[in-house]
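Descriptive structure summary
For reference, the chains in residue letters:
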Amino acid sequence: MGKIPLDQLAKEHNVEVEWKAFELKPEGVETPSHPPEYYEQAKANVKQMSEHYGVEMKWNDRSKHSRHALEGAKFADEQGLANEYHDAVFKAHFQQEKTINEIDTLVEIAESVGLEPTRFKEALETREYEQQVINETEEAHQMGITGIPCFVSGTKGVMGAQTYETLLQLLEEA
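Residues numbered from 1 in each chain as written. Predicted model: local features only at pLDDT ≥ 70, side-chain atom pairs only at ≥ 80, totals over all residues. Heavy atoms only, no water.

Here the focus is the overall build of the chain. What the chain contains, in helices and strands, is eight helices and two strands. Counting helices and strands in the order they occur from the N terminus, the chain gives α-α-α-α-α-α-α-β-β-α. In terms of overall size, the chain behaves like a compact globule, its C-alpha atoms giving a radius of gyration of 16 Å where 174 residues would be expected to give roughly 16 Å. Taken over the C-alpha atoms alone, the chain extends approximately 40 × 40 × 30 Å along its principal axes. Burial analysis of the chain (174 residues in total) assigns 36% to the buried set. Residue pairs at least 24 apart in sequence account for 64% of intrachain contacts in the chain once pairs closer than 6 positions are excluded. Carbon and sulfur atoms form 49% of the exposed surface of the chain, whose accessible area is close to 10,600 Å². Between the averaged position of the 17 positive side-chain charges in the chain and that of its 33 negative side-chain charges there is a distance of 4 Å. (Helix = DSSP H or I, 4+ residues; strand = E, 2+ residues; numbered from the N terminus. Rg over C-alpha atoms; globule rule 2.2 N^0.38 Å. Buried < 20%, exposed > 50% of the residue type's maximum accessible area, 1.4 Å probe, protein only. Contact = heavy atoms within 4.5 Å. Areas by Shrake-Rupley, 256 points an atom, 1.4 Å probe, with all protein chains shown as cover. Lys, Arg positive; Asp, Glu negative; His and termini not counted. Charge placed at Lys NZ, Arg CZ, Asp CG, Glu CD.)

Another aspect to go through is the environment of Gln131. Within the secondary structure, Gln131 is located in helix α7 (residues 130–142). Counting along the chain gives 43 residues from Gln131 to Ala174, while the straight-line C-alpha distance between them is 29 Å.

With that out of the way, let us pick up empty space enclosed by the protein. Under the defined criterion, the tally for this structure stands at one cavity of 30 Å³ or more. The space that makes up the largest cavity amounts to roughly 30 Å³. Taken together, Trp19, Lys20, Ala21, Leu70, Ala73, Lys74 and His86 make up the full set of residues lining the largest cavity. Residue contributions to the lining of the largest cavity peak at three residues, all from helix α3 (residues 67–78). Grouping the amino acids of the lining of the largest cavity by side-chain chemistry returns four nonpolar, one polar and two charged. (1 Å grid on protein atoms, 1.4 Å probe; cavity = no way out; pocket = protein on both sides within 12 Å on 5 of 7 lines; lining within 4 Å. Points joined across faces, edges and corners; volume = space filled by probe spheres on them. Nonpolar A, V, L, I, M, F, W, Y, C, P; charged D, E, K, R; others polar.)

Another aspect to go through is the packing of aromatic side chains. Going through the model one piece at a time under the given rule, you end up with five aromatic pairs. Aromatic pair Phe75 and Phe120: ring centres 5.4 Å apart, planes at 85°, arrangement edge-to-face. Of this pair, Phe75 sits in helix α3 while Phe120 sits in helix α6 (residues 117–125), and the two are 45 residues apart along the sequence. Grouping residues by exposure puts Phe75 and Phe120 together as buried. (Phe/Tyr/Trp six-rings, centres within 6.5 Å; stacked < 30°, edge-to-face > 60°.)

What follows is about the pattern of salt bridges. As enumerated under the stated definition, the model contains 13 salt bridges in all. The closest approach of N and O atoms between Arg67 and Glu23, which form a salt bridge, is 2.9 Å. Remark: Glu23 occurs in the loop between α1 (5–12) and α2 (36–53) and Arg67 occurs in helix α3; sequence separation between them is 44 residues. Among the ionic pairs, Arg119 bridges to Glu128, the shortest N-O distance being 2.8 Å. Note on Arg119: relative accessible area 29%, which makes it partly exposed. Taken together, the shared-partner salt bridges in this structure form one network comprising Glu23, Glu27, Arg67, Glu71, Arg127 and Glu130. (Salt bridge = Lys/Arg side-chain N within 4 Å of Asp/Glu carboxyl O.)

Glycine aside, residues mostly have negative phi, and peptide bonds are mostly found in the trans state. Residue Ile148 is joined to Pro149 through a cis peptide bond whose omega torsion reads -5°. With respect to the helices, strands and loops of the structure, Pro149 is situated in the loop between α7 and β1 (150–153). Phi at Asn14 takes a positive value of approximately 50°, unusual for a residue other than glycine. With respect to the element layout, Asn14 can be found in the loop between α1 and α2. Residue Asn14 is classed as exposed on the basis of its relative accessible area of 74%.

Keep in mind these values describe shape, not function.
Spelled out as structure tokens, the structure:
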């Protein structure tokens, strides 16, 4: 997956990017079933975004939850590899159609970006970062965030995939 405009914006405008956890499908909560038309539309939306942004994306319904992946992101952040980890998880999910809530898959991803695999796996198995992920998701709900991606600068935010220009405007208004 190519670099998102956020990377470019951060470098050009000396902006610090802080990744926060948000669970679209919280662990322990079963996703309600939808009619086939719903899934066809969702697949079409992924295809449309892929074409619009020129980024390879495939529909992947293997990952029912993402809490382990989000916990891994907290570990990666502490090691200074948050952006690399997120890029690798996005690639695994949207391009390689992997299940990003399986610990073994996440360990492979973590190792590929330079994280120590044994310590990473231990952090996931002991749920070292679980409460942090839960707290950040609750904080997002309190802020009115209902989807991802969501970009927040100061007290303003925008949800959904955004252009470089929109993110720049958000930054200037904050």
